[in-house]
Amino acid sequence: MSRNKLNYLDDLEAEAIYILREVAGQFEKPALLFSGGKDSITLVRLAEKAFRPGKFPFPLVHIDTGHNFGETITYRDEMIERIGEKLIVGYVQDDIDAGRVIEQKGKNASRNALQTVTLLNTIEKYKFDACIGGARRDEEKARAKERIFSVRDEFGQWDPKRQRPELWNLYNGKIHKGENVRVFPISNWTELDVWNYIRRENIPLPSIYFAHQRDVITRNGQLMAANPALNMDKDDVIERRNVRFRTVGDMTCTAAVASDAFEIDDIIDEISASKISERGARMDDKVSEAAMEDRKKGGYF
């Protein structure tokens, strides 16, 4: 695809930079939620364009379930060293140890839902009044209900009926004490937009986004990375497959896809031909028809 045909990326980039600067101007203690995934990595590049040569007006915050992919944690630490920004890590294990959450048991147990408590505790601890994240409207239908500035109440909860109108490019960041706002600068981007932008900007990514050989098991019809966190037993058959991950999350709920897309152009071609969204590889979204919306109402990002 020629550069001229990708000029729309300039418009998306300009909108996202404007939103990031609005956050810096309207809020006292913002933070950028960083998962180590491609969307939050894209946000870091956009923040560099918005605020360099100065420092970011916010820290990066990562909620670590303890079951993250090793490649993601390695990438996170190397990136922080490279960009020289502050990183705050909230550990789900700390909340488990303190008895604030109870770890699930059984073969399909996951810590993914537990990270909501850790996120809300981290927001409260550091008094963040705005949390920037990489959610996009095309990921999942509950995400599409969000405004770019999405208000959470004093309990961190989201009410989809209590949304503010956003006319043109006017964003209202006024909140009451104890409330906070989740901000989505790339809400109008698609998965393909993100990948085209990553290609244009030559942004490095964790290696798990590209096809590689990995030991996997098939569980609930999905290819899962073979790992003790999955509570594997004798019924789980380990296979060596060429796979990659379209989304990055807790290993217990993030499935791989069979793939031979070793280069970014191959990935873009693969996504363009796919009829399944990237969230189709997330086991946590299959719990119920409204799984994501229910989690968001409780404080999930």
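Refer to the structure above for everything that follows.
Quick look at the sheet that holds strand S7 (residues 212-219) now. Read from one edge to the other, the open sheet built from four strands follows the order S8-S7-S9-S10, with strand pairing classed as antiparallel. On the outer flanks of this sheet lie strand S8 (222-225) and strand S10 (257-258), each paired with one strand and no other. Pairing of S7 with S8 involves four bridges; the strand directions are antiparallel. Counted as the bridge partner of Thr218 is Leu223 from S8.

The subject of this paragraph is empty space enclosed by the protein. Counted by the stated rule, this structure contains four cavities of 30 Å³ or more. Taken as a whole, the second largest cavity encloses approximately 60 Å³ of empty space. Looking at the second largest cavity, the residues that line it are Ile41, Val44, Arg45, Glu48, Tyr75, Met79, Arg82, Ile203 and Pro204. Put simply, the parts of the chain that give the lining of the second largest cavity at least two residues each are helix H2 (38-51) and helix H3 (70-83). By residue number, the principal contributor to the lining of the second largest cavity is H2, which donates four residues. When grouped by side-chain class, the residues that make up the lining of the second largest cavity number six nonpolar, no polar and three charged.

Here the structure, examined in full by the defined rule, presents 25 salt bridges. Ionic pairing is found between Arg100 and Asp95, a salt bridge with its closest N-O pair at 2.4 Å. In this structure, Arg219 engages Asp236 in a salt bridge whose closest nitrogen and oxygen atoms are separated by 3.0 Å. You can see Arg219 sitting in strand S7 and its partner Asp236 sitting in the loop between S8 and strand S9 (239-244), a full 17 residues away along the chain. Both residues of the pair, Arg219 and Asp236, belong to the buried class. Residues participating in the shared-partner salt-bridge network are Asp10, Glu13, Arg45, Glu48, Lys49, Arg200 and Glu201.

Here the focus is the packing of helix H6 (residues 191-201) against helix H7 (residues 264-273). The geometry of H6 relative to H7 is characterised by a closest axis approach of 10 Å and an angle of 165 degrees between their N-to-C directions. Comparing their axes, H7 and H6 come out roughly antiparallel. Considering only the axes of H6 and H7, their crossing is left-handed. Facing H6, whose interface residues are Glu191, Leu192, Trp195, Asn196, Ile198 and Arg199, H7 presents Ile264, Asp265, Ile267, Ile268, Ile271 and Ser272. Taken together, the residues that form the contact of H6 with H7 break down as seven nonpolar, two polar and three charged.

What counts and what doesn't
Residues numbered from 1 in each chain as written. Predicted model: local features only at pLDDT ≥ 70, side-chain atom pairs only at ≥ 80, totals over all residues. Heavy atoms only, no water. Pairing = 2+ DSSP bridges. Helix = DSSP H or I, 4+ residues; strand = E, 2+ residues; numbered from the N terminus. 1 Å grid on protein atoms, 1.4 Å probe; cavity = no way out; pocket = protein on both sides within 12 Å on 5 of 7 lines; lining within 4 Å. Points joined across faces, edges and corners; volume = space filled by probe spheres on them. Nonpolar A, V, L, I, M, F, W, Y, C, P; charged D, E, K, R; others polar. Salt bridge = Lys/Arg side-chain N within 4 Å of Asp/Glu carboxyl O. Buried < 20%, exposed > 50% of the residue type's maximum accessible area, 1.4 Å probe, protein only. Axes fitted to C-alpha atoms, helices over the stretch in contact; angles between N-to-C directions. Parallel < 35°, antiparallel > 145°, perpendicular 65-115°, else oblique. Left-handed = near helix turned anticlockwise from the far one by under 90°. Contact = heavy atoms within 4.5 Å.

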